[in-house]
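The primary structure of each chain is shown beneath.
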Amino acid sequence: MSRSSAPEQRVAHVSSELAACLPALHRALDRRVASEYPHPKPPEGQLALLRFVARREGATVREAAEALLMKPNNVSVLVSQLTERGELERRQDGADKRVARLHLTESSRQRIAEVGALEQSHLGRALQSLTDGELDALGSAVGALKALTRHLHSAAR
C-alpha cells in the first residue's frame, strides 16, 4: 500500500461509516422521543424551521432559507403553515416594514424545550452506558463533527 492511498482509504472508510451511522443515530433518537412526546411531530422541514427560529429569534425568511439550505419560497410556505397552526409568528421589522421577522409562539417555545429535554435525557442515558474511552472519543469528536457540518453547509450554498 502506498502512503498516498492510505489517507484516501481512511477518508473513504470514515465517510462511509458516518453516512451510515449519523442517520441511524438520528432515527433512533427521533423514535425514542416520539414514543414519549404527547404531541404529533411536525414534518421534518417544519421542525427544522422551528428549531432554527428558536436559535435565531427574529430571523427573516431569507436568513432561515440560507441556514436551512432551502429555497425562500419553500420556507415561506412552511412559515404560512406554522403561522396558521399558531406555532410561529411573523412580526413586521421596526426599521423596514417590508421585512417580516419570525418568532416562536409560547407554546412552540415550550414544546421545543420539551423535545430538547427528552433528547438530552435519552442521549444522556445512552452515553452513561459507554466506557470512559468511548465517551472520551465521542467528546473529542464533537468539535470535529461541528467543523465537518460547517464545511458541508458552506459547500452546499
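Details of the structure are given in the entry above.
Everything quoted here is computed from the prediction, not taken from an experiment.

(A) Focus on the packing of helix H2 (residues 44-55) against helix H4 (residues 72-84). One can describe the packing of H2 onto H4 by two numbers: an axis separation of 10 Å at closest approach and a directional angle of 85 degrees. For the element pair H2 / H4, the angle class is roughly perpendicular. Residues Gly45, Gln46, Leu49 and Leu50 of H2 form the contact with H4, whose participating residues are Val75, Leu78, Val79, Gln81 and Leu82.

(B) Broad picture of helix H3 (residues 61-68). Residues of H3 that are buried: Val61, Ala64 and Ala65. Buried residues of H3, viewed axially, fall in a sector of 100 degrees; they line one side. Buried-residue contacts for H3 involve H2, H4 and strand S2 (100-104). Trailing H3 by a residue or two, leucine 69 shows a phi angle of about 55 degrees, which is positive.

(C) Quick peek at the nonpolar core. In terms of nonpolar packing, the biggest core is built from 15 residues, with Leu49, Val53, Val75, Val79, Leu88 and Leu102 touching the most fellow members. Residue contacts for leucine 102: discarding those within four places in its chain leaves Leu49, Val53, Glu57, Gly58, Ala59, Thr60, Val61, Val79, Leu88, Glu89 and Arg90. Leu29, Val33, Val115 and Leu118 belong to the second largest nonpolar core, which has 5 residues in total.

Conventions adopted
- Residues numbered from 1 in each chain as written.
- Predicted model: local features only at pLDDT ≥ 70, side-chain atom pairs only at ≥ 80, totals over all residues.
- Heavy atoms only, no water.
- Axes fitted to C-alpha atoms, helices over the stretch in contact; angles between N-to-C directions.
- Helix = DSSP H or I, 4+ residues; strand = E, 2+ residues; numbered from the N terminus.
- Parallel < 35°, antiparallel > 145°, perpendicular 65-115°, else oblique.
- Contact = heavy atoms within 4.5 Å.
- Buried < 20%, exposed > 50% of the residue type's maximum accessible area, 1.4 Å probe, protein only.
- Arc of directions from axis to C-beta.
- Core = buried A, V, L, I, M, F, W, Y, C linked by side-chain atoms within 4.5 Å.

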